[in-house]
Amino acid sequence: MGERLDELCETAADEQENGRSKKSRHARRWALLVVVLSVAALAWSCVFHGNLTRKPVGFLTTNDAVIALRLGGGRTTAGDDKPYYDGWIVLLDAQGRGQVASVDEINGGDVLWSDRGVFYGSPSQDYVTTDSGTQQTTWQFTRRGDVQRYALPDGALVAVRRESNDYHIGTLFPDGTHASVETEGVGRGIGQCGGRIVAITTTEKSESIKSAAFEAYAAQFGGGDMPEALEVVVQLNDFDGDVPPVLAVAPMGEGLSSNQHMFDCEGEVITVPSAQKNGEREWLVLQRWDLSTGQRTIIPVVDEDGNAIELGEDLGVSDSEAIRVGNEYRFVSWGGDAFAVDPASGQGRYLFSLDTPRYGPDGYLVTFQVSESGVYALKDRRADRVVTLSYRPWEGGEWRDIFTTRDLAYYLNEGYISGALDIQSFAVRPGWNGGAQ
């Protein structure tokens, strides 16, 4: 990028010299315009805060970056009581140095790093940043909530956005084209299985699929007594019509809860870590939905001694980052509790928890990502906004710090319009194993 700007400035200087030698007013004005644009581009690219260089989003490239961060969550009200938002995308190398660009805020901003590049967005746009630059896609809709981003096997990138209970699924295809689908009131849990984005919802919450869900249940179980409410798996992408197709149904599970955006997928079977409440206690279970038969099985998870794994205030599975490693589904919850479970048998292992305080004056705001070898944690110290990237292997190790930076504090503490922001999500470059070294 520096060489590109140097060339730009040299071109501007040449144009300026040519303008002086010519008597044409047009040439002089053209030279002046080139100089102004070049200087503006250079100024935008050379705003420094510590080891971070602030640039326009169109000037971002991945280059030596190994981690991408989405900052946001700040909000204020100004003029006619309309909300305004701030947001940033940050690309850092293994030493915590890098680039930052302003991107319109979207609630829960998610970032995905796939083979196609870093994928992130704003309420009405999506961006893909690669080594060669940043591509931008503008949508005809606007959504304030970013739920999750997925990379499909064919190279397509999918962004799931939310406004109240309505979802908009935008797909960027490898050939540069894009398409979108909107659904109403669908999606208590969302995940990916192969090329499909699926959601688990209920007939109580999703009126639009209620009729189709009860028809599917009657066809599957031969009529008879119908439950008052059903849990339903629907497909959110790549379908025709106004209502997403129903893939599986089951009677509403009493005391069963799950809040996941990542599912395990084996062929046509999806597995979802869930909590089963019994009285005042909760236990770890797996929901296994077979999309080929449309049926669900609930499997209790037990530890090495055959005992059910109890969840609670200090141990949870909600909103997990997860990955398949061999025969095990391994995941870490938003609270930093890590588990490994065999989806077929329910044999599970509690692995570890975050050893950093999350509340109080010395607490941290923490987000997670997983790899086949272990867990990455991005820890934002509440007191001074010092950020540390740490890593811990799934098996036989401790948390280890990779880098610590104070340079993000400026952006976390100061929004253009709003106050303090948070790290909403982060993604590690595919194939980078800096934590495992």
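Anything mentioned here points back to the structure above.
On a predicted model such as this, the values are computed, not experimentally measured, just so you know. (Residues numbered from 1 in each chain as written. Predicted model: local features only at pLDDT ≥ 70, side-chain atom pairs only at ≥ 80, totals over all residues. Heavy atoms only, no water.)

Student: Give me the lowdown on the nonpolar core, citing residues and values where you can.
Tutor: The tendency in soluble globular proteins is for nonpolar side chains to be buried side by side. Of all hydrophobic cores here, the largest spans 23 residues; its most connected members are Ile67, Leu69 and Leu71. Secondary-structure elements contributing two or more residues to this core are β3 (67–72), β6 (88–92), β31 (374–381), β32 (387–393), α4 (409–413) and β34 (422–428). Setting aside residues no more than four positions away along its own chain, Ile67 makes contact with Val90, Leu91, Leu92, Trp113, Leu378, Leu389, Phe403, Phe426, Ala427 and Val428. (Core = buried A, V, L, I, M, F, W, Y, C linked by side-chain atoms within 4.5 Å. Buried < 20%, exposed > 50% of the residue type's maximum accessible area, 1.4 Å probe, protein only. Helix = DSSP H or I, 4+ residues; strand = E, 2+ residues; numbered from the N terminus. Contact = heavy atoms within 4.5 Å.)

Student: For the sheet that holds strand β18 (residues 230–235), give the residues involved together with the corresponding values.
Tutor: The 4 strands lie next to each other as β16-β17-β18-β19, forming an open sheet whose pairing is antiparallel. Edge positions in the sheet fall to β16 (189–193) and β19 (246–251), since each of these pairs with one other strand and no more. On average, each strand axis in the sheet is inclined to that of its neighbour by 20°, with strand direction left out of account. Against the sheet, helix α3 (residues 210–221) engages β18 and β19, with an angle of about 75° to β19. (Pairing = 2+ DSSP bridges. Axes fitted to C-alpha atoms, helices over the stretch in contact; angles between N-to-C directions.)

Student: Account for the pattern of salt bridges, with residues named and values stated.
Tutor: Inspection of every chain in the model, using the stated rule, returns 20 salt bridges. Here Glu266 and Arg324 are joined by a salt bridge, their closest N and O atoms 3.2 Å apart. Of the two residues, Glu266 is situated in strand β21 (residues 264–266) and Arg324 in strand β26 (residues 321–325); the sequence distance between them amounts to 58 residues. On the basis of relative accessible area, Glu266 is assigned to the partly exposed category, the value being 32%. (Salt bridge = Lys/Arg side-chain N within 4 Å of Asp/Glu carboxyl O.)

Student: Go over the environment of Pro227 with me, naming the residues and quoting the values.
Tutor: Note that Pro227 resides in the loop between α3 and β18. Taking the C-alpha atoms as reference points, Pro227 and Met252, separated by 25 residues in sequence, lie 7.8 Å from one another. Apart from residues lying up to four places away in sequence, Pro227 is in contact with Phe214, Tyr217 and Pro251.

Student: Before we move on, could you go through the sheet that holds strand β13 (residues 157–163) and cite the residues and values that matter?
Tutor: Across a sheet, strands are paired by hydrogen bonds formed along the backbone, either parallel or antiparallel in direction. Strand order across the open sheet formed by 4 strands is β12-β13-β14-β15, with antiparallel pairing between neighbours. Because the sheet does not close on itself, it has two edges, and the strands there are β12 (145–151) and β15 (178–184). Adjacent strand axes in the sheet meet at a mean angle of 15° when their direction is disregarded. Inspection of the sheet shows strand β14 (residues 166–172) paired to β15 by 7 bridges, in the antiparallel sense.

Student: How would you sum up α3? Please name residues and give values.
Tutor: Taking 1.5 Å per residue, 12 residues should reach 16 Å; α3 reaches 17 Å between its end C-alpha atoms and fits that length. The set of residues buried in α3 consists of Ala213, Phe214 and Tyr217. The arc that holds every buried residue of α3, seen down its axis, measures 95°, which confines them to one face. Opposite the packed face of α3, turned more than 90 degrees from it, sit the exposed residues Glu215 and Ala219. Gly222 occupies a position one or two residues after α3 and carries a positive phi of about 75°. (Expected span 1.5 Å × (residues − 1). Arc of directions from axis to C-beta.)

Student: Describe the state of the cysteines, and please don't skip the residues or the numbers.
Tutor: Under the defined criterion, the tally for this structure stands at 1 disulfide. The partner cysteine of Cys193 in its disulfide is Cys265, sulfur to sulfur 2.1 Å. With the S-S dihedral at roughly 60°, the linkage between Cys193 and Cys265 falls on the right-handed side. Here Cys193, found in strand β16, pairs with Cys265, found in strand β21; they are 72 residues apart in sequence, far enough to count as distant. (Disulfide = S-S within 2.5 Å.)

Student: Pulling in residues and values, what's your account of the pairing of β6?
Tutor: Among the 5 residues that make up β6, 5 are buried, leaving the element largely enclosed by the rest of the structure. Of the two faces of β6, both are covered, the one formed by Trp88, Val90 and Leu92 as well as the one formed by Ile89 and Leu91. Inspection of the sheet shows β3 paired to β6 by 5 bridges, in the antiparallel sense. Across the sheet, the residue bridging to Ile67 is Leu92, located in β6. With 5 bridges connecting them, β6 and strand β7 (residues 98–102) associate as antiparallel partners. Residue Leu91 lies in a different strand from β7, and its bridge partner there is Gln99. Between β6 and the antiparallel strand that follows it, β7, lie 5 residues; Gly96 among them carries a positive phi value of about 85°.

Student: Explain the packing of aromatic side chains residue by residue, including any values.
Tutor: In the structure shown here, the tally under the stated rule is 11 aromatic pairs. Three or more aromatic residues joined by ring pairs make a cluster, and in this case those are Tyr329, Phe331, Phe339 and Tyr350. One cation-aromatic arrangement involves Lys379 over Tyr364; the distance from NZ or CZ to the ring centre is 6.0 Å. Lying across the ring of Phe352, Arg392 places its NZ or CZ 4.2 Å from the centre. (Phe/Tyr/Trp six-rings, centres within 6.5 Å; stacked < 30°, edge-to-face > 60°. Lys NZ or Arg CZ within 6 Å of the ring centre and 35° of its normal.)

Student: Explain the side chain of Asp93 to me, using residue names and the numbers behind them.
Tutor: With respect to the secondary-structure elements, Asp93 resides in the loop between β6 and β7. Judged by its relative accessible area of 12%, Asp93 falls in the buried class. Looking at Asp93, its side chain comes within polar contact range of the main-chain nitrogen of Gln95, at 2.9 Å. Beyond its immediate chain neighbours, meaning those up to four positions away, Asp93 contacts Asp64, Ala65, Val66 and Phe403. (Polar contact = N/O pair within 3.5 Å; in protein donor to acceptor, adjacent residues only side chain to side chain.)

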